[in-house]
Structure formats: structure tokens, C-alpha cells
Amino acid sequence: MEKKHTLSVLVENTPGALARIVGLFAGRGFNIDSLCVAETLDPTLSHLTLVTHGDDMIIEQIIKQLRRLIDVYKVVDVTEEGEFVEREMALIKVRAEKETRAEVLRMCDIFRCKVVDVSPRTYTVEVTGPESKIEAVIELLKPLGIKELVRTGLIAMKREKKSA
Amino acid sequence: MATKMTGAQIIVEALKREGVDIVFGYPGGAVIDIYDELYRTPEIKHVLVRHEQGATHAADGLARSTGKVGVCLVTSGPGATNTVTGIATAYMDSIPIVVLTGQVPTKLIGNDAFQEVDITGITRPCTKHNFLVKRVEDLAWTLKAAFHIARTGRPGPVLVDLPKDIQQAKTDFHWPEEIRLRSYNPVYEPHKRQVEKAYRLLESSTRPVILVGGGVISSGAHEEVRELAELLHIPVTMTLMGLGGFPGTHEYSLGMLGMHGTYYANMAVANSDLIIAVGARFDDRVTGKVDAFAPMAKIVHIDIDPTSIQKNVRVDVPIVGDCKRSLAKLLEIIKEVGRPSKLWKEQFKEWWEQIDIWRRRYPLTYKQDGEHIKPQFVIEKLYQLTKGEAIVCTEVGQNQMWTAQFYKFDKPRTLLSSGGLGTMGYGFPAAIGAQMANPDKLVLDIAGDGSIQMNIQEMATAMDQRLPIKVIILNNGYLGMVRQWQELFYDRRYSAVQFATIPDFVKLAEAYGAVGLRATKPEEVEGVLKKALETNNLVLVDIHIAPEEGVFPMVPAGRATTEMILV
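Residues numbered from 1 in each chain as written. Chains lettered and ligands numbered in written order. Predicted model: local features only at pLDDT ≥ 70, side-chain atom pairs only at ≥ 80, totals over all residues. Heavy atoms only, no water.

In terms of regular secondary structure, chain A is built from four helices and nine strands. Helices (α) and strands (β) of chain A occur, in sequence order from the N terminus, as β-α-β-β-α-β-β-α-β-β-α-β-β. With the C-alpha coordinates of chain A rotated into their principal frame, the extents come out at 55 × 40 × 35 Å. Every one of the 164 residues in chain A was classed for burial, and the buried ones make up 40%. Contacts in chain A between residues at least 24 apart in sequence constitute 71% of all its contacts with a sequence separation of at least 6. For chain A, the exposed surface amounts to about 9,400 Å²; the carbon and sulfur share of it is 55%. Here chain A holds 25 positive side-chain charges and 26 negative ones, and the gap between their average locations is 3 Å. (Helix = DSSP H or I, 4+ residues; strand = E, 2+ residues; numbered from the N terminus. Buried < 20%, exposed > 50% of the residue type's maximum accessible area, 1.4 Å probe, protein only. Contact = heavy atoms within 4.5 Å. Areas by Shrake-Rupley, 256 points an atom, 1.4 Å probe, with all protein chains shown as cover. Lys, Arg positive; Asp, Glu negative; His and termini not counted. Charge placed at Lys NZ, Arg CZ, Asp CG, Glu CD.)

The subject of this paragraph is the pattern of salt bridges. All names here are of chain B. Applying the stated criterion across every chain yields a total of 48 salt bridges over all chains. Here arginine 325 and glutamate 189 are joined by a salt bridge, their closest N and O atoms 3.0 Å apart. A residue pair is termed long-range when its members are at least 10 positions apart, and arginine 325 in helix 14 (residues 323-337) and glutamate 189 in the loop between strand 8 (170-172) and helix 9 (192-204) qualify at 136 residues. Assessed through its relative accessible area of 40%, arginine 325 is described here as partly exposed. With relative accessibility at 44%, the residue glutamate 189 sits in the partly exposed group. Among the ionic pairs, glutamate 524 bridges to lysine 521, the shortest N-O distance being 3.4 Å. Owing to a relative accessible area of 26%, glutamate 524 belongs among the partly exposed residues under this scheme. Through salt bridges with shared partners, one network takes in Glu13, Lys16, Arg17 and Glu43. (Salt bridge = Lys/Arg side-chain N within 4 Å of Asp/Glu carboxyl O.)

Attention now moves to the interface of chain B and chain A. With 18 residues of chain B in contact, the opposing surface of chain A contributes 19 residues. Buried area between chain B and chain A, summed over both chains or domains, comes out near 1,600 Å², and the portion from carbon and sulfur atoms is 50%. For the salt bridge of Arg182(B) with Asp42(A), the shortest nitrogen-to-oxygen distance reads 3.5 Å. Where chain B meets chain A, there are nine residue pairs in polar contact (both at pLDDT 80 or more). Across the side of chain B that touches chain A, the residue classes tally to six nonpolar, six polar and six charged. (Buried area = accessible area lost by both parts, 1.4 Å probe. Polar contact = N/O pair within 3.5 Å; in protein donor to acceptor, adjacent residues only side chain to side chain. Nonpolar A, V, L, I, M, F, W, Y, C, P; charged D, E, K, R; others polar.)

All names here are of chain B. Helix 23 (residues 525-534) packs onto helix 17 (residues 375-385) with a crossing angle of 45° between their chain directions and a minimal axis gap of 10 Å. As judged from the angle between their axes, helix 17 and helix 23 are oblique. Viewed along their axes, helix 17 and helix 23 form a crossing whose handedness is right-handed. Contacts between helix 17 and helix 23 involve Phe377, Val378, Lys381, Leu382 and Leu385 on the former and, on the latter, Val525, Glu526, Leu529, Lys530 and Leu533. When the residues that make up the contact of helix 17 with helix 23 are grouped by side-chain class, the tally is seven nonpolar, no polar and three charged. (Axes fitted to C-alpha atoms, helices over the stretch in contact; angles between N-to-C directions. Parallel < 35°, antiparallel > 145°, perpendicular 65-115°, else oblique. Left-handed = near helix turned anticlockwise from the far one by under 90°.)

The next point concerns the packing of aromatic side chains. Inspection of the entire model under this criterion finds 14 aromatic pairs over all chains. Between Phe25(A) and Phe30(A), the ring centres sit 5.9 Å apart and the planes meet at 80°, which makes this aromatic pair edge-to-face. Exposure remark for Phe25(A): the relative accessible area of 2% places this residue in the buried category. Residues Tyr383(B) and Tyr407(B) carry aromatic rings whose centres are separated by 5.2 Å and whose planes lie at 85° to one another, so their mutual orientation is edge-to-face. Note that Tyr383(B) is positioned in helix 17 and Tyr407(B) in the loop between helix 18 (398-406) and strand 16 (415-416), a separation of 24 residues in sequence. In this arrangement the basic side chain of Arg483(B) is found over the ring face of Tyr478(B), its NZ or CZ atom lying 5.5 Å from the centre. (Phe/Tyr/Trp six-rings, centres within 6.5 Å; stacked < 30°, edge-to-face > 60°. Lys NZ or Arg CZ within 6 Å of the ring centre and 35° of its normal.)

Bringing the environment of Leu529(B) into the picture now. Residue and element names in this part refer to chain B. Assignment of secondary structure puts leucine 529 in helix 23. Residue classification places leucine 529 among the buried residues on the basis of a relative accessible area of 1%. Measuring from C-alpha to C-alpha, the distance between leucine 529 and threonine 386 comes to 9.9 Å, with 143 residues separating the pair along the chain. Other than its neighbours up to four places away in sequence, leucine 529 contacts Val378, Lys381, Leu382, Leu385, Ile472 and Ile543.

Right, here's the structure in full:
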């Protein structure tokens, strides 16, 4: 059964490391739904959050193939590790004419989005949250006219135990 | 004590410290500094090839025949791209080679400079790892890491791209005696509990088979395989890469399995209730139709590379670890439990009776017609005349399969063949590498008239080095394996499988200063082969075989391995 998996990957911060990972997915016909990369506290390591999907055997292969890369330090399947927090950010440039400006702001208020840029005809809205929230905001703003949309892709982190 | 050295000096010093005494290569502008250094280094023998592909296959042949890391050195651009087939060949068969490529100066990288190519980009999917060295200070460490990565874990090719200015720059030389890579820690020791599970499956099995793959050879686990088979009386079958991992002449050997495997090996695997797979990766040529592969069998899979496990077939007991150490652990448990060998024999008695019925019903065989030379007969004769003691390289296609079927390999590292990638043109340069590394051994290349022409230019290299390789060309005037498929599955529409021009191989040999021999009738074969084996020179033996002889048994692609076309 196909399932979405969020993988957390620590990789050596060396040239070509990202190309190896992306090439692996392309070469073996695996899917990348989203990909997010940045430096970690340790500047010699990069952190990469990768969302993919496939059945159990495919996901097992993806994880093993990633671990096989010499530059890959650690791979965790966040989806299988119990509870986790996931966040994504999107910037949405939405049409905001006289008659719709108030409606856009109302939406922003409800979803706790921030307006980060204003022009006579547009608002640029910043929204953060789990994927479902981003998608809900996009769906609701669509009828008002989305001019441009940029999403970061998902990042995720395991939740710590609530009791000591 | 650190001394200032140029990059080129560091490279050559690194090769020495890694115990490299032979380098296969071809010079060019981007490696001229390294060649200048080699000029002053008599300890390292440089073998000048005629095409860079030949250099990689030769390094690979050296590696396969000795277990050492093979090395080649080529220039940037076309020199580098010409190595790609050889690198991919080594990658598919997990062969440790280090490929050093020249690169344009760092300042010019990305500028489409003369003879510039992004070789690390090109070879990323077909190397175990690769490096582009951007600082001369990183050079010694990088070379050490390259050898370390190539030879440890599941071995494989590593490429190091060396910009020209790095070769010329100077730095203090520090050689790291040990290297630790935090992101690369192959697991050698098997998990004991997993091995115990494997033992319990053996205890409850009645129809077990040991499946030997190339991992047995690269980890040197052949003794352990033999001990396990003999102690428990279990039949052994081998993949193409596993041939020699268990003696082919042993009464427990079922020979090769898979598309051109023996009837009894395929039947045994298909009917088994337990497969102990050691260093094999269940490639499609072995499994046939995966859904129909060994339907009743539980599978124990020992492999150092976790990705090989559960990739193609479901596995009941995965054991991640070195084949040799894993089998040693299993043998330890067997001895601890101390069940008498007799009891095991009793347990598998009916299984052996069944296997013997299969063996008698369809032995590996071929039909003589009294008129044509049968290729299988040639291989059998070669086996007899060499007493099975040659290092045998093959090209790819029918010549390769006939060799795998009819030459009985008793020792590891005696069959050198491109299994995974199936590279025509592999065998002859590989034979050059093997003969360079094993000057006292007899080295054969069993070829077809098609594949020998793919790297025939290396005859000059073999002559340069006075290598007495015997090339046996099974000449059927066809690209025989494709012809066979066209005959069986494409209504004999022989599309593009016949060369209008085939060179006179005898004259060709003579043109290079080698010896050319020819046999066109069955009664000539033995004499010609004997003469070739007695000749202390490169010999091309042109044997005109039955043009439309096929390789059988054969499992059509995508079918169950029990659906064999027999002779």
C-alpha cells in the first residue's frame, strides 16, 4: 500500500552531496514530493527533509539506498518514529482589489497568516503550518485570484515524550 | 616530518603507500605532471593501453584475479568519458578499482574549457563514490579515502578527479595511516540472533539449497561455504558471479542457476523449502519471473549491503554482514549444537534422491553433429587441457554462457566475467590486467567474433608487455546471443546480427606480432588448442563453430525458471 513518508536526512555538507541524493531518486525511479535543505548547528552537516511515497518495500529501499551513499550520515523515517511536528511555509501573492481586500485580510486573520508585502492590487501572504493548513489556505484564496505561489516544502521534527 | 611536495608527487607517493605496483593508463594534457612523476618512479609499472576503456577493464581484471584494488590513470575530457563503461562494469559487479582522472585547472572548471567534462557528475550513479579535489591540502586524505572506500564494505569503483593546478601546487605531505569516515561504517559482524534464526530454519528444513553469489568471492568465504555444504550435506548452486565460490567439480555442486543455468539447479531452487543465499542479489537473470521464484522456500539472505536484501525477493531472515564472518558464525552455532553430520544427511536424503533424478534426467549436455565444431566441445577440451587451472576471462554473450556451463571452476578468482553490466569487450583487457598481476598463471580469454572486436586494439598492449594470453574466439559469424533470441522469439528475423566483414583473425594476430591459429573441423580442435597453450606468445585462436548453435537450457526472459527450453 502506498503511503507518504517524511524522511529526515543528515548529510555531509560537501559539494555534490545533494546531487547524489537527487540523482539516486531519479535514477532508481523513486518519487520526491518535496525537499528542504539547510545547514545544521554543525556547519559540516546539512539537514534535509524529504517527503516521498511508496509501498513498504520501496520505502525500505529508499532508506537503505540513502544510507548506502558515502556522504549520508543518518536517515530517520519520521513517519515511523511516532508523533512528530511538521511545518511548511508558503508565500502567496493574492489579488486584492477594492472589493476583495477585506476578504483576504479576514482569511489571514482566521488562519493566522501574515501580510508581508502590499501593493495597490495585491497582498503577499505568509502562511505557516502543517501541509493540510497550507492547502486549506490555498483552496480558500484561489477564488480570489492567486497570482503567485511559493512553498518551502515540509520540515519535520520528532516530538519528545510528554512525561519524564 | 612533513616535506613540501607537489600534488603529482603526492599522488604517486599515495599509490606507493597503498601498495600499487601496476597502473593502467593513457596520458594527456591534464595528467602530464603525474606522468612526469611516474617517469621517475620505477617501482610503479605503468601499462600504456590503447583506449581508456581497456585501462579500466584491465584494472578490474587485476582486482578480480587478486583481490587488490586496481588502478587506472587517464586524462580529462575524452580520456575520462572513455572510462565510464569500465567503471559501470566494475560497479555492477562490486569490483574495487580507483580511477584517477585529470581535470582542467580549478579556475577553468565550468567554463567549457578544452577537454573539460564534468566526470564526477557523469559517474555519480556508477561509482561507489567519487571526489573532485579542489585543494592540494586535501589530496593525500582524499586518495587514502578513495582506496579505503573502494576496498571495504561492498567493494566498488571510486573516481578521483584531479585538476591540473592541484597536481602542480605544493603542500606539506601528511599521509593518514588510518582513516575514519563518520558517514561510512560498513557492518561486518552479523547479528547473532539472526544467524541463530537461520540455524533454526536449517534444522526444520528438508529441501535446502545454498545459493552462492559474487560476495562469497569478494569476501573470501569459499572455505566456509564448502564447510557448511559438506557438514550438512546441502546442494550448492552458484550465480555467474559466484562460480568458483564453491568447487564446480564437487559432488554437491549443481552448477549455475538462472536463465542459462542447469536444469537441476533451477529445479532444486524452485522446489526448495530453504535458500541460504550468500552474497547474491537475486538479479532478474537468476530469479526469472519473481512471483514464481522458489514459491515454497524460506530465504536466508547474507549480504554486506543492506540494499541487496529485500530488493527483488522477500527475505525471511536477513543477515547484514560480511559473508565470511556470517558463515563462520553459522558454523560456530552448528558446531556448538553438535548435531551429528549423519543426522543432517538423513534429513536431506530424500531431497538428494530427487536432485539425482533431475541430474540424470537432464544433465548439462549438447549434441555433436560430426560436421561442425560445437562450442561446448571447445570449452570442454580447454578445461581438460588446462586441467581447470587457468584464469578464464570471458566476453559477453554465448561465449560467456558456454564457458560458465562447461568450464568447471574450482577456485575463486578464476572466472573473470562482466556479470551485471554484461559488457562486450570486457574479457580481453581484463585478461591483460589478470596476466600482468599473475605472470606465472595461464590466462585465457574466451571470446566471440563480435565481442573480441570491441577492444581488439588492446592486442598492441598485450604485445608491449609480452603477455602470453590465449584468446579463444568462438567464431560463428553472428552476434550469437541476439541471434538466438531472434531465432526463438522473433521468428528468425535476423536483424543486424551478421557482420558483412569479419577480419581474418590469423592475419590480424600476425599483423600485431602475435600468433594466429585456426580450426574449422572438429578433429582440428584439440591440436590447435594444444599448440596455442604451448606457445609463449599472445595467441588468437579462431575457431569456426556451428553458426546457429544455441545456449541451453534457457529460461525465456520474464518466465519462471522452471519453464526451461532444453537442448
